[in-house]
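Fold and geometry: a report
Residues per chain, in single letters:
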Amino acid sequence: MASTLRLASALRSASTRIPSHRLLSHSTVLREEANLGTVQAQKKPIGGKASAALQASVEELKLSTEKVSAHVRRIEAVEKDLKALGEASASKDDIARVRAEVKKLYDGLHVEFLDLRAHVWGIQQDLHKLSKKEATEIRI
């Protein structure tokens, strides 16, 4: 009987600590057996919002990829044009060689010009001498 009184006293003290309306059972033993652990609140699936966010992210990635592809195509076109211009343009050595050749041609023309000038001057002198001689010898 003393054990029954102790059990009743323990039940009263346990019931005063934990409100009875929240318990599955009033008995400590039944309560411990019924305690299966804490129930975790399930996260609500975002569903439509997550799908929409993912779709928006995919679209943004697609647009970004298209922009990058367009830039790559432009860069490749510029590289192609640059390569064509590089092949078509003259190098420094080519320019130096042509410059030296033009200088030789110019110098040669200058020498010929001076020779021609000297020749014309000689003809002028001869003509001048002849005109003085004729002017003194022949009178019409």
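Analysis parameters
- Residues numbered from 1 in each chain as written.
- Predicted model: local features only at pLDDT ≥ 70, side-chain atom pairs only at ≥ 80, totals over all residues.
- Heavy atoms only, no water.
- Helix = DSSP H or I, 4+ residues; strand = E, 2+ residues; numbered from the N terminus.
- Buried < 20%, exposed > 50% of the residue type's maximum accessible area, 1.4 Å probe, protein only.
- Areas by Shrake-Rupley, 256 points an atom, 1.4 Å probe, with all protein chains shown as cover.
- Salt bridge = Lys/Arg side-chain N within 4 Å of Asp/Glu carboxyl O.
- pLDDT = per-residue confidence, 0-100.

Let us now look at the overall build of the protein. Scanning the protein from N- to C-terminus turns up 4 helices and 0 strands. For the protein, the sequential pattern of α-helices and β-strands runs α-α-α-α. A total of 140 residues make up the protein; the buried ones form 4% of that total. Accessible area for the protein stands at about 13800 Å²; split by element, carbon and sulfur atoms hold 61% of it.

Attention shifts here to the pattern of salt bridges. Counting across every chain of the model gives 1 salt bridge. The salt bridge partner of Arg97 is Asp94, with a shortest N-O separation of 3.2 Å. Remark: Asp94 and Arg97 occur in helix α4 (residues 92–137); sequence separation between them is 3 residues, near one turn of the helix. On the accessibility criterion, Arg97 (51% relative accessible area) is exposed. Assessed through its relative accessible area of 29%, Asp94 is described here as partly exposed.

Any region with low pLDDT has predicted coordinates that should not be read closely. Residues with a pLDDT of 70 or more make up 61% of the protein, whose mean pLDDT is 79. When the elements of the protein are averaged for pLDDT, helix α2 (residues 28–34) gives the smallest value, 57, and helix α3 (residues 48–88) the largest, 94.

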